[in-house]
Amino acid sequence: MVQVKLWAQCETRDRERHDVCSTCTVNVMKGLKVEVQSRMSESRNNMALKLMKTRTKYEYFLHELCVSIQLSSHEGILSTHPIYVDSDDFYVLTQDLAPAGTLHSLIEPGVGIPEAMVKRCALQLTKALEYMHDQALVHRDIKPDNVLLMDKDCYHVKLSDGTRVPMACVKPKSMSPLIPFMSPELCQLQRHEALVLSPTIDTWAFGVLLFDIFHGKEQ
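All figures in this text were calculated on a predicted structure; none of them were measured in a lab.

Participant: Explain the overall build of the chain here, please?
Facilitator: Along the chain, the regular secondary structure elements total four helices and ten strands. Ordering the α and β elements of the chain from the N terminus gives β-β-β-β-α-β-β-α-β-β-β-β-α-α. Split into buried and exposed, the 219 residues of the chain put 44% on the buried side. Long-range pairs, those at least 24 residues apart, make up 66% of the contacts in the chain between residues at least 6 apart in sequence. Taken as a whole, the chain presents about 11900 Å² of accessible surface, with 54% of it coming from carbon and sulfur.

As structure tokens, this is what we get:
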């Protein structure tokens with residue numbers, strides 16, 4: 001998950017295109033400028049950008065966009081806005097900015113993080129995963145890097161990223177290994193085999209995540 005601070009100033013409106021549609025010029029990293037068509041009010045907004053290279057299939061990008069927006073109603077899942085960039089090199093999603101970084105950044109090797117913070121994370125992430133599974137979706141990439149912090153004390157954390165595929169989806173053979181967060185059924189798969197995804201994959205990874213942040217064993 002790469003987060004880039006986005007400062008957008010709406011400059012014009014095009015009421016013929018959308019009810020409230022703005023053309024926003026934004027700076028992405030080293031001065032790169034892109035045009036964003038969005039449903040935004042005329043105000044400044046701090047947001048984050050998630051970049052996906054255009055070698056990603058456009059259908060996958062649209063799936064990611066729609067599912068992310070669908071899940072944004074839950075307070076424990078990072079909000080995605082209906083604002084996106086479709087350039088020659090990147091597809092870009094706009095999301096809420098997590099000012100305190102990732103859960104991974106808090107882990108002290110061999111020590112972990114305080115028990116009270118672990119409990120706060122566990123409660124919020126359990127609710128977020130339960131909501132996602134109720135939508136018949138599997139995250140498939142639970143790890144500290146994909147837990148974003150709205151504050152350093154973990155009073156408000158948000159689950160981000162993941163492929164979030166339907167439970168009925170068969171595991172692609174090209175899926176990158178997520179060891180040590182992979183469940184046994186994933187680890188035992190051979191190249192010629194596939195697997196119907198289920199919430200148990202997330203449950204296993206979530207248990208490993210809690211162990212890691214409590215004991216400081218994350219690698």
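Participant: I tried to follow the pairing of strand β6 (residues 90–96) on my own but got confused; where do I start?
Facilitator: Most of β6 is tucked away: six of the seven residues are buried. One ladder, built from five bridges, connects strand β5 (residues 80–86) with β6; its direction is antiparallel. Counterpart to Thr-80 in the pairing with β6 is Gln-95.

Participant: Where do I start with the nonpolar core in this structure?
Facilitator: Core analysis: the largest hydrophobic core is formed by 29 residues, its most contacted members being Leu-103, Cys-154, Leu-159 and Leu-209. Secondary structure elements with two or more residues in this core: α1 (58–71), α2 (115–134), β8 (147–149), β9 (157–159) and α4 (199–215). By residue number, the principal contributor to this core is α2, which donates eight residues. Apart from residues lying up to four places away in sequence, Cys-154 is in contact with Leu-103, Leu-106, Met-117, Arg-120, Cys-121, Gln-124 and Leu-149.

Participant: Looking at this structure, how should I read the environment of Ala-205?
Facilitator: Of note, Ala-205 is situated in helix α4. Each C-alpha atom, one on Ala-205 and one on Ile-142, is 5.7 Å from the other, the two residues being 63 residues apart in sequence. Apart from the residues lying within four places of it in its own chain, the contact partners of Ala-205 are Ile-142 and Phe-181.

Participant: How should the packing of α2 against α4 be read in this particular structure?
Facilitator: Axis angle and axis distance: for two packed helices, these are the angle between their axes and the distance between the axes, and together they describe the pair. Between α2 and α4, whose axes approach to 11 Å, the crossing angle comes to 170°. Considering the angle they form, α2 stands roughly antiparallel to α4. Listed contacts from α4 to Glu-115, Val-118, Ala-122, Leu-125, Thr-126, Leu-129 and His-133 of α2 are Pro-199, Asp-202, Phe-206, Leu-209, Leu-210, Ile-213 and Phe-214. Classifying every residue of the contact of α2 with α4 gives ten nonpolar, two polar and two charged.

Participant: Teacher, can you tell me more about α4 here?
Facilitator: Given 3.6 residues to a turn, an α-helix orients residues that are three or four positions apart in the same direction. Between its terminal C-alpha atoms α4 stretches 25 Å, which fits the 24 Å expected from 17 residues at 1.5 Å a residue. Within α4 the residues assigned to the buried category are Ile-201, Asp-202, Ala-205, Phe-206, Val-208, Leu-209, Asp-212 and Ile-213. Buried residues along α4 cover an arc of 165° about the axis, so they all sit on one side.

Participant: Explain the environment of Val-147 here, please?
Facilitator: Position of Val-147 relative to the elements: it lies in strand β8. Along the sequence, Val-147 and His-104 sit 43 residues apart, while their C-alpha atoms lie 7.9 Å from each other.

Participant: What exactly am I supposed to notice about unusual backbone geometry here?
Facilitator: The residue Ala-136 is not glycine, and still its phi comes out positive at about 65°. Relative to the assigned elements, Ala-136 resides in the loop between α2 and β7 (137–138). A relative accessible area of 39% means that Ala-136 is categorised as partly exposed. One non-glycine residue with positive phi stands out, namely Cys-154, at about 65°. Overall, Cys-154 belongs to the buried group, its relative accessible area being 0%.

Participant: Is there a simple way to explain the state of the cysteines in this structure?
Facilitator: Working definition of a disulfide: a covalent bond connecting the sulfur atoms of two cysteines. All told, the structure shown has zero disulfides when counted by the stated rule. Considering cysteine sulfurs only, Cys-154 is the nearest to Cys-121, which forms no disulfide, with 3.5 Å between them.

Participant: Help me understand the packing of aromatic side chains, please; the structure alone is not making it clear to me.
Facilitator: For any pair of aromatic rings, the description consists of the separation of the ring centres together with the inter-plane angle of the planes. For the structure on display, the rule yields four aromatic pairs. Look at Tyr-58 and Tyr-91: their rings are 5.6 Å apart centre to centre, the planes differ by 55°, and that puts the pair in the tilted class. Within this pair, whereas Tyr-58 is found in helix α1, its partner Tyr-91 is found in strand β6, the two being separated by 33 residues in sequence. For Tyr-58, a relative accessible area of 33% translates into the label partly exposed. Given a relative accessible area of 8%, Tyr-91 falls into the buried group. Among the aromatic residues, those joined into a cluster by ring pairs are Tyr-58, Phe-61, Tyr-84 and Tyr-91. It is Arg-120 that lies over the ring of Tyr-155; its NZ or CZ is 4.0 Å from the centre.

Analysis parameters
- Residues numbered from 1 in each chain as written.
- Predicted model: local features only at pLDDT ≥ 70, side-chain atom pairs only at ≥ 80, totals over all residues.
- Heavy atoms only, no water.
- Helix = DSSP H or I, 4+ residues; strand = E, 2+ residues; numbered from the N terminus.
- Buried < 20%, exposed > 50% of the residue type's maximum accessible area, 1.4 Å probe, protein only.
- Contact = heavy atoms within 4.5 Å.
- Areas by Shrake-Rupley, 256 points an atom, 1.4 Å probe, with all protein chains shown as cover.
- Pairing = 2+ DSSP bridges.
- Core = buried A, V, L, I, M, F, W, Y, C linked by side-chain atoms within 4.5 Å.
- Axes fitted to C-alpha atoms, helices over the stretch in contact; angles between N-to-C directions.
- Parallel < 35°, antiparallel > 145°, perpendicular 65-115°, else oblique.
- Nonpolar A, V, L, I, M, F, W, Y, C, P; charged D, E, K, R; others polar.
- Expected span 1.5 Å × (residues − 1).
- Arc of directions from axis to C-beta.
- Disulfide = S-S within 2.5 Å.
- Phe/Tyr/Trp six-rings, centres within 6.5 Å; stacked < 30°, edge-to-face > 60°.
- Lys NZ or Arg CZ within 6 Å of the ring centre and 35° of its normal.

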